[in-house]
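As a plain string of letters, each chain reads:
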Amino acid sequence: MCVFFGLELDSDTKRAVADWRDRYGLAHGQPVPADNFHLTLAFVGEVDHRHLETLTQAVDQWASGYTVGAGRLVLDQAGYWQKQRIYWLGPEQPQLELARLAVKLQNLAGPAGARRQRKLFVPHVTLFRSCAEPPPAPVVAPRIDVHYQHFTLFETLQGRQGVSYRALQHWPLNR
Ligand code: 3AM
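None of the values given here were measured: they were computed from a predicted structure.

Rules behind the numbers
Residues numbered from 1 in each chain as written. Predicted model: local features only at pLDDT ≥ 70, side-chain atom pairs only at ≥ 80, totals over all residues. Heavy atoms only, no water. Helix = DSSP H or I, 4+ residues; strand = E, 2+ residues; numbered from the N terminus. Contact = heavy atoms within 4.5 Å. Salt bridge = Lys/Arg side-chain N within 4 Å of Asp/Glu carboxyl O. Buried < 20%, exposed > 50% of the residue type's maximum accessible area, 1.4 Å probe, protein only. Core = buried A, V, L, I, M, F, W, Y, C linked by side-chain atoms within 4.5 Å. Pairing = 2+ DSSP bridges. Axes fitted to C-alpha atoms, helices over the stretch in contact; angles between N-to-C directions.

Okay, the environment of arginine 129 next. Secondary-structure assignment places arginine 129 in strand β7 (residues 125-129). It is 30 Å that separates the C-alpha atoms of arginine 129 and proline 172, two residues lying 43 residues apart in sequence. In this view, arginine 129 contacts Gly29, Gln30, Val32, Arg85, Ile86 and Tyr165; residues no more than four positions away in its chain are not counted.

Shown next, in the form of C-alpha cells:
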C-alpha cells in the first residue's frame, strides 16, 4: 500500500477551494476531485503491513510527548510547478511549525522505507495535475482559511474512477 501524512480539509474548506478554482483558477490540466483536496506533509510511499505498524507505533510514541499546536493557515496564493506540472494553492506566510512536523514525520518514516525528501517543504493543496503550461495569473487571489486539529496517515487507492485517499489514522494536535 502507498501512504503519506497530510492535513485533512473539512468539507466547507474543500468547497471553498473548489469554488475558487471554478471561478478564478481554471487551468489546462486534470482537476483534482474536491473530495481529494488535502495538504501533504510527508510522502512515505509503498509500505507492507509490518512497516506500516512500525511506522504508526513510532508516530504514536512520538505523539505521546509532542507539543505541536493545532492551528490555522490561509490559502492566499496560487502557484505552478513546471516540473511536477501541478497548479496549487498555498499560504504565503511561512508555516514553521508545520514544516517542523513535516520533517519529523519524514524522519519517523525513514525506517518504513521512505526516501528522505531533499526538497523544502512547501505547504500546498493541489488543484490540477498534468498541467503542461503555466495557468494564467488569477484575477482574484484566493483567501481561504484552513483550520487543522489533527494530522492524518492516508492510503492512496487506485480505482477505476481514479485515485482516492483513505484516512487510516489521525493524531490530534495540541490546542
Ligand atoms: O498532494 P500533492 O500533490 O501535494 O504528488 C503526490 C501527492 O502530493 C506526492 O504525494 C502526495 C500524495 O500522493 N507524491 C507521490 N509520489 C511521490 C514521490 N515519489 C510524492 N512525493 C514525493 N515523492
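Right, let's talk about the pattern of salt bridges for a bit. Considering all chains together, one arrives at three salt bridges under this definition. Between arginine 15 and aspartate 12 there is a salt bridge, with the nearest N and O atoms lying 3.5 Å from each other. A residue pair is termed a helical-turn pair when its members lie 3 or 4 positions apart in one helix, as arginine 15 and aspartate 12 do in helix α1 (residues 11-24) at three residues. We classify arginine 15 as partly exposed; its relative accessible area is 48%. Aspartate 12 sits in the exposed class, given a relative accessible area of 53%. Taking the shortest distance from any N to any O, the salt bridge between aspartate 145 and arginine 72 comes out at 2.9 Å. You can see aspartate 145 sitting in strand β8 (residues 144-148) and its partner arginine 72 sitting in strand β4 (residues 71-75), a full 73 residues away along the chain. Accessibility expressed as a relative area gives 35% for aspartate 145, which makes it partly exposed.

Attention now goes to the nonpolar core. Residues Phe5, Leu41, Leu101, Leu105 and Phe151 are the most contacted members of the largest nonpolar core, which totals 47 residues. Top contributing element to this core by residue count: helix α3 (residues 96-109), with six residues.

Take the sheet that holds strand β3 (residues 38-46) next. Within a beta sheet, neighbouring strands are joined by backbone hydrogen bonds and run either parallel or antiparallel to one another. Strand order in the open sheet made by the four strands is β3-β1-β9-β10, with antiparallel pairing throughout. Each of the sheet's edge strands pairs with one partner strand only, and the pair in question is β3 and β10 (162-172). This sheet shows a mean twist of 30 degrees between the axes of neighbouring strands, independent of strand direction. As paired elements, strand β9 (residues 150-159) and β10 share ten bridges and run antiparallel to each other. Its bridge partner being in β10, glycine 159 is matched across the sheet by glycine 162. Sheet contacts for helix α2 (residues 49-63): β1 (2-8), β3, β9 and β10; angle to β10, the most-contacted strand, approximately 40 degrees. The strands touched by α3 within the sheet are β1, β3 and β9, with β3 carrying the most contacts at an inclination of about 15 degrees.

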